Amino acid sequence: MREHFGVTITTYRGARHYTITQLMQRFAVGFAGLLLAVFLVAFLTIYFLSHRLGTINNELSQLQQQQQHIKEENRALLAEQSKLQKSVDEKVAALSVMGEELSSIESMIGLNPADDAALYQRLDTASQTAQEKQYMLTTIPSGYPLDDPTVTSLYGMRQHPVLGRMAMHRGVDLRANIGTPVYATADGVVEWSGDNDGGYGKMVKLGHNFGFDTLYGHLDKTTVSAGDYVRQGQLIGYSGNTGRSSAPHLHYEVRHLNRRLPPTAFMEWSLENYDGLFSREERIKWDSLARTLRKQIAVPERRWSQLAQSLPATSS
């Protein structure tokens, strides 16, 4: 067997002879086979990867469809949650109203007096002296806390202007530009003056006789301090837009024994409309209050009378 091959290449310059041994031949054949194997492996790899890529694309498409389905379910759940939250808010508001209407609950469980007559009917206003009436009008909240009042939101359930849901409004809102003077509606002592975290912003709370309180919210500035004694009509601050408020105004509340009452009847209460409060606000035992007040007024009168009688008579 020949161990080499001869190759002759002829050009215009002449002929050249090359010899290819058997080893080189085998090497060339092996290299060609290797290249063929590499190409075959590359082809198979590309084919496999292409098939795998198609499978991944199908799986990705399915995942995208599942994701879209989950998003739709989430939207439906969020809508249902919103409905449930609204229902809960309405029930909470209803419970708040029930809390405010404590006398109705007392009546249902039999804690109220059995007498069918309203409480105001048991208060004999005709027997009250002018001094007693004037004392009640100055120590119990009466009149408006502003010089030029305009009510923009009443006491009761309403769509909250900031929260955007139904909520109990526990006072009245009065239109007032920032810096409008705010006055005390009764004699009392300042229990709070300053910022409040409950949404009232800068506020003043006054404590009055017979368990009454008044609250003045969303103020821009206060002019009294905790512990100060104030008289009816005294300046206590200036209206503003602080706290949970959507526009400048004054929020005004009237409370009795920590129970919030509709302030309208108190704001409209005056000597000319003296009986109006008792006929509109029946949850307070006015008769008991009047008897206590009469005793308080009578004591200093008796003392002055006794003092006058003890003084020696003077000759003219």
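Because the structure is predicted, anything quoted here is derived from the model rather than measured.

K.L.:
Please set out the overall build of the protein chain residue by residue, giving values where relevant.
P.N.:
Within the protein chain one finds six helices and 14 strands. Across the 316 residues of the protein chain, 31% fall into the buried class. Within the protein chain, counting contacts between residues at least 6 apart in sequence, those at least 24 apart form 60% of the total. Accessible surface computed for the protein chain: about 20600 Å², of which carbon and sulfur atoms make up 57%.

K.L.:
So what's going on with the packing of aromatic side chains? Which residues, and what values?
P.N.:
Inspection of every chain in the model, using the stated rule, returns seven aromatic pairs. Centroid distance F212 to F266: 6.0 Å. Interplanar angle 65°. Geometry classified as edge-to-face. With a gap of 54 residues between them, F212 in strand β10 (residues 212-222) and F266 in helix α4 (residues 264-267) connect regions that are remote in the sequence. For the pair shown, F212 and F266 are each scored as buried. Ring plane angle 75° and centroid distance 5.9 Å describe the contact between W269 and F278, whose orientation is recorded as edge-to-face. Cluster of aromatic residues (ring-pair linked, three or more members): F212, F266, W269, Y274, F278 and W286. Sitting over the ring of Y274, K133 keeps its end group 5.2 Å from the ring centre.

K.L.:
Tell me about unusual backbone geometry, residues and numbers included.
P.N.:
Here the phi dihedral of F210 falls at roughly 65°; this positive angle occurs in a residue that is not glycine. Although it is not a glycine, H218 adopts a positive phi angle of roughly 65°. Inspection of the secondary structure puts H218 in strand β10.

K.L.:
Give a description of the UniProt feature "transmembrane region" (unreviewed entry) in the protein chain that names residues and reports values.
P.N.:
Cross-referencing UniProt, the feature "transmembrane region" (unreviewed entry) maps to residues 27-49 in the present numbering. The span residues 27-49 carries 100% helix and 0% strand; its end-to-end C-alpha distance comes to 32 Å.

K.L.:
Mind laying out the nonpolar core, listing which residues take part and the relevant values?
P.N.:
M136, Y216, I236, F266 and W286 are the most contacted members of the largest nonpolar core, which has 34 residues in total. Within the residue set of this core, elements represented by two or more residues are α3 (130-139), β6 (172-175), β9 (201-207), β10, β13 (249-256), α4, α5 (276-280) and α6 (286-310). If you tally residues by element for this core, the top one is α6, at four residues. In this view, M136 contacts Q128, W269, Y274, F278, W286, L289 and L293; residues no more than four positions away in its chain are not counted.

K.L.:
Account for the side chain of D173, with residues named and values stated.
P.N.:
As for its position among the elements, D173 is in strand β6. Take D173: its relative accessible area is 7%, and that puts it in the buried class. Separated by 3.2 Å, the side chains of D173 and H169 make a polar contact.

K.L.:
Tell me about the pattern of salt bridges, and please be specific about residues and values.
P.N.:
Summed over all chains, the structure comprises nine salt bridges. The shortest N-O distance in the salt bridge between K202 and D195 comes to 3.2 Å. Ionic pairing is found between R280 and E268, a salt bridge with its closest N-O pair at 2.5 Å. Placement of the pair is R280 in helix α5 and E268 in the loop between α4 and α5, with a sequence separation of 12 residues. E268 gets classed as partly exposed once you look at its relative accessible area, which sits at 34%. Taken together, the shared-partner salt bridges connect E253, R255 and R260 into one network.

K.L.:
Kindly report on a nonpolar patch on the surface, identifying the contributing residues and their values.
P.N.:
Where nonpolar side chains cluster on the molecular surface, the patch consists of F27, F31, L34, L35, V38 and F39 and spans about 650 Å² of accessible area. Inspection of the secondary structure puts F39 in helix α1 (residues 22-100). Classification of F39 by relative accessible area gives exposed; the value is 60%.

K.L.:
Account for the pairing of strand β12 (residues 235-239), with residues named and values stated.
P.N.:
In this sheet, β12 lies alongside strand β7 (residues 181-183) in antiparallel orientation, the contact comprising three bridges. Across the sheet, Y183 pairs through a bridge with L235, a residue of β12. Relative to β12, β10 runs antiparallel, the two being bridged by three bridges. Each bridged residue has a counterpart across the sheet, and for L219 the counterpart in β12 is S239.

K.L.:
A description of the environment of Y183 should follow, citing residues and the corresponding values.
P.N.:
Looking at the secondary structure, you find Y183 in strand β7. Expressed as a C-alpha distance, the spacing of Y183 and R231, which sit 48 residues apart in the sequence, is 9.3 Å. Excluding residues within four positions of it along the chain, Y183 makes contact with P145, D147, Y216, G233, Q234, L235 and I236. In this structure the side chain of Y183 is engaged in a polar contact, spanning 3.2 Å, whose partner is the side chain of D147.

Reading guide: rules and limits
Residues numbered from 1 in each chain as written. Predicted model: local features only at pLDDT ≥ 70, side-chain atom pairs only at ≥ 80, totals over all residues. Heavy atoms only, no water. Helix = DSSP H or I, 4+ residues; strand = E, 2+ residues; numbered from the N terminus. Buried < 20%, exposed > 50% of the residue type's maximum accessible area, 1.4 Å probe, protein only. Contact = heavy atoms within 4.5 Å. Areas by Shrake-Rupley, 256 points an atom, 1.4 Å probe, with all protein chains shown as cover. Phe/Tyr/Trp six-rings, centres within 6.5 Å; stacked < 30°, edge-to-face > 60°. Lys NZ or Arg CZ within 6 Å of the ring centre and 35° of its normal. UniProt positions renumbered as here; feature names shortened; annotations may be inferred. Core = buried A, V, L, I, M, F, W, Y, C linked by side-chain atoms within 4.5 Å. Polar contact = N/O pair within 3.5 Å; in protein donor to acceptor, adjacent residues only side chain to side chain. Salt bridge = Lys/Arg side-chain N within 4 Å of Asp/Glu carboxyl O. Patch = residues over 30% accessible without salt bridge, like charges linked within 9 Å, V, L, I, M, F, W, Y side chains within 5 Å. Pairing = 2+ DSSP bridges.

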